[in-house]
Amino acid sequence: MLKITIIGAGSIGLLLAAKFSIANHTVTIVCHHVQQANKINTEGIEYRGTTIRKVPVQATPELQNHKVDLLIIAVKSQQVSSVVQHIRMIYGEDIPDMLFIQNGMAHIENLKSLSHNILVGIINHGAKKLDDVTVLHTGEGTIEVSTYQGVPYPLHTLSKEDFPIYYVKDWYSMLARKLIVNCAINPLTGIFDVDNGELLTNARFYTILRELVKETSQVLNLNYEEALSNVQAVCIKTARNTSSMLADLKRGRLTEIDAITGVILKQAELKGLDAPYSRFVYDSIKGLEKKID
Ligand SMILES: NC(=O)C1=CN([C@@H]2O[C@H](COP(=O)(O)OP(=O)(O)OC[C@H]3O[C@@H](n4cnc5c(N)ncnc54)[C@H](OP(=O)(O)O)[C@@H]3O)[C@@H](O)[C@H]2O)C=CC1
Ligand SMILES: CC(C)(CO)C(=O)C(=O)O
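Bear in mind that the values here come from a model prediction, so they are computed numbers and not experimental data. (Residues numbered from 1 in each chain as written. Chains lettered and ligands numbered in written order. Predicted model: local features only at pLDDT ≥ 70, side-chain atom pairs only at ≥ 80, totals over all residues. Heavy atoms only, no water.)

Draft legend 1. Inspection of the sheet that holds strand β10 (residues 134-139) at higher detail. Strand order across the open sheet formed by four strands is β4-β3-β10-β9, with mixed pairing between neighbours. Each edge of the sheet is formed by a strand with only one pairing partner; in this case those strands are β4 (52-55) and β9 (126-131). Averaged over neighbouring strand pairs, the angle between their axes works out to 25 degrees when direction is ignored. The sheet contact formed by strand β3 (residues 45-48) and β4 spans four bridges and is antiparallel. Across the sheet, the residue bridging to Ile45 is Val55, located in β4. Sheet strands in contact with helix α1 (residues 11-22) are β3, β4, β9 and β10, and its direction is about 100 degrees off that of β9. (Pairing = 2+ DSSP bridges. Helix = DSSP H or I, 4+ residues; strand = E, 2+ residues; numbered from the N terminus. Axes fitted to C-alpha atoms, helices over the stretch in contact; angles between N-to-C directions. Contact = heavy atoms within 4.5 Å.)

Right, dumping it as structure tokens:
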């Protein structure tokens with residue numbers, strides 16, 4: 001059994017903490033606020049999926065210099081930079097193996113200064129934090145992980161039949177595949193205020209979705225047909241999901257648009273390509289964020 005510390009007690013942090021604790025791993029979750037840590041320590045985490053379970057989990061408001069097998073960084077992309085600095089401050093050079101699970105690709109910039117064992121992953125689950133101790137598993141899927149650098153702890157020990165984790169050889173193509181999904185689904189659901197499935201069932205939205213997939217796959221030099229069928233499959237599988245971007249807008253929070261569409265716009269500029277659909281959705285989401293201010 002592994003010793004795991006999870007930094008970030010939001011939707012994904014709570015989901016992973018509950019699932020790994022149910023599987024008998026020793027999990028500590030680092031919360032941003034002391035009240036949440038206290039609540040988890042007294043009440044545990046309530047996992048709501050096909051079953052409902054109260055799971056005892058240890059929580060702390062401060063990352064501690066404990067030897068663990070794996071440090072999972074489950075914060076939003078824009079929070080990774082300060083979390084990495086904090087990890088360095090607490091652990092010095094003796095940092096445990098780390099797993100970063102953010103959407104998009106912007107967090108990769110923050111990993112370049114580290115010379116430690118690093119895994120990156122993509123989460124194909126839907127999760128929603130209902131309150132400090134309750135997480136709703138809104139869409140069951142898989143987790144894919146890949147080695148970004150070094151020789152991290154083999155993750156197959158964490159994989160379970162009902163919560164599978166697959167190893168992927170090439171981290172870049174794994175993240176690029178997910179990036180196209182997020183570039184297409186997240187901003188459009190945010191702009192139109194619809195669940196993921198409606199991007200397929202509404203013919204006008206679907207036309208725009210296809211153009212976005214065409215444009216982003218061209219910028220990333222990936223096959224359009226494969227990318228489109230992957231995006232369609234995710235829309236079907238997560239048809240009733242509120243995307244994380246729409247959820248952030250509804251909660252009055254900044255979105256991960258810079259880590260998602262922002263990356264495509266930078267790549268397009270470097271390659272001298274036009275990306276008008278991406279530019280449009282980027283500015284639209286930034287405009288919606290301003291409305292929240
Ligand atoms: N939710 C989902 O279904 C999916 C999410 N993802 C990706 O997973 C990542 C995490 O998403 P999600 O869990 O939804 O995000 P949330 O915003 O729900 O969770 C992030 C948590 O990290 C906390 N946090 C921020 N900074 C720190 C810090 N310095 N120390 C400790 N905790 C901190 C936040 O606290 P506070 O709220 O106080 O800022 C928040 O509780 C994102 O990149 C997202 O795109 C991918 C697929 C699906
Ligand atoms: C796969 C998808 C689009 C599921 O909603 C997601 O990753 C997100 O919402 O950020």
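Draft legend 2. Molecular detail of helix α3 (residues 80-91). In this model α3 runs 16 Å from its N-terminal to its C-terminal C-alpha over 12 residues, within 8% of the 16 Å that 1.5 Å per residue would give. Along its buried surface, α3 packs onto β1 (3-7), β6 (70-73), β7 (98-100) and α4 (108-111). At the C-terminal side of α3, Gly92 shows a positive phi close to 65 degrees. (Expected span 1.5 Å × (residues − 1).)

Draft legend 3. Fine view of the nonpolar core. Ranked by internal contacts, the top residues of the largest apolar core, which has 60 residues, are Leu71, Ile87, Met98, Phe100 and Val231. No other element matches helix α5 (residues 171-192), which puts 10 residues into this core. Of the residues that make up this core, three or more belong to each of domain 1 (3-169) and domain 2 (173-292). Other than its neighbours up to four places away in sequence, Val231 contacts Ile180, Val181, Ala184, Ile185, Leu209 and Val213. Ile12, Ala18, Ala74 and Leu99 belong to the second-largest nonpolar core, a separate cluster that totals 37 residues. (Core = buried A, V, L, I, M, F, W, Y, C linked by side-chain atoms within 4.5 Å. Buried < 20%, exposed > 50% of the residue type's maximum accessible area, 1.4 Å probe, protein only. Domains from an automatic or database assignment.)

Draft legend 4. Highlighting the site of ligand 2. With respect to spatial proximity, the complete set of residues near ligand 2 consists of Asn103, Lys178, Asn182, Ile185, Asn186, Asn196, Val234, Asn241, Ser243 and Ser244. The side chain of Asn186 places a nitrogen or oxygen atom 3.1 Å from an oxygen atom of ligand 2. Measuring from an oxygen atom of ligand 2, one finds a side-chain N or O atom of Asn196 at 3.0 Å. Per-element accounting of the shell around ligand 2 gives the leading share, four residues, to α5. Looking at the shell around ligand 2 residue by residue, the classes come out as two nonpolar, seven polar and one charged. (Near = heavy atom within 4 Å. Polar contact = N/O pair within 3.5 Å; in protein donor to acceptor, adjacent residues only side chain to side chain. Nonpolar A, V, L, I, M, F, W, Y, C, P; charged D, E, K, R; others polar.)

Draft legend 5. Up close: the UniProt feature "domain: Ketopantoate reductase N-terminal" (unreviewed entry) in the protein chain. Per the UniProt entry, the sites bearing "domain: Ketopantoate reductase N-terminal" (unreviewed entry) are residues 4-148 in this numbering. Along residues 4-148 the backbone is 26% helical and 35% strand, and the end-to-end C-alpha distance reaches 19 Å. (UniProt positions renumbered as here; feature names shortened; annotations may be inferred.)

Draft legend 6. Just the side chain of Glu144, in detail. Residue position: Glu144 is located in strand β11 (residues 143-149). Of note is the side chain of Glu144, whose polar atom sits 2.9 Å from the side chain of Asn124.

Draft legend 7. Expanded view of the site of ligand 1. The environment of ligand 1 is made up of 24 residues, and the closest members are Ile12, His33, Asn103, Ala127 and Glu256. Note that an oxygen atom of ligand 1 is positioned 3.1 Å from one of the backbone N or O atoms of Ser11. Measuring from an oxygen atom of ligand 1, one finds a side-chain N or O atom of Glu256 at 2.5 Å. Protein coverage of the free-state accessible area of ligand 1, which is 900 Å², stands at 87%. At the level of elements, α1 and β9 are the ones that each hand at least two residues to the shell around ligand 1. Its residues placed into classes, the shell around ligand 1 shows 10 nonpolar, 10 polar and four charged. Domain assignment of the residues forming the shell around ligand 1 places at least three in each of domain 1 (3-169) and domain 2 (173-292). (Areas by Shrake-Rupley, 256 points an atom, 1.4 Å probe, with all protein chains shown as cover.)

Draft legend 8. Representation of helix α8 (residues 224-237) within the structure. With 14 residues, α8 should reach 20 Å at 1.5 Å per residue; the first-to-last C-alpha distance of 20 Å fits that figure. Every buried residue belonging to α8 is among Tyr224, Ala227, Leu228, Val231 and Cys235, and all of these are buried. For α8, the arc enclosing every buried residue in end-on projection is 100 degrees, short of the 170-degree limit, so these residues lie on one face. For α8, the exposed residues set more than 90 degrees away from the buried face come down to Glu225, Glu226, Ile236 and Lys237. On the buried face of α8, the contacting elements are α5, α6 (198-201) and α7 (203-219). (Arc of directions from axis to C-beta.)

Draft legend 9. The sheet that holds strand β8 (residues 118-123), seen in detail. A sheet is described by the order of its strands in space; here eight strands give the open sequence β5-β2-β1-β6-β7-β8-β11-β12, paired in mixed fashion. Edge positions in the sheet fall to β5 (58-60) and β12 (165-167), since each has one partner strand and no second. Going across the sheet, the axis of each strand differs from the next one's by a mean of 25 degrees, ignoring polarity. With three bridges connecting them, β7 and β8 associate as parallel partners. The residue of β8 that forms the bridge with Phe100 is Val120. Contacts from α3 reach β1, β6 and β7, with the element oriented near 155 degrees to β6.

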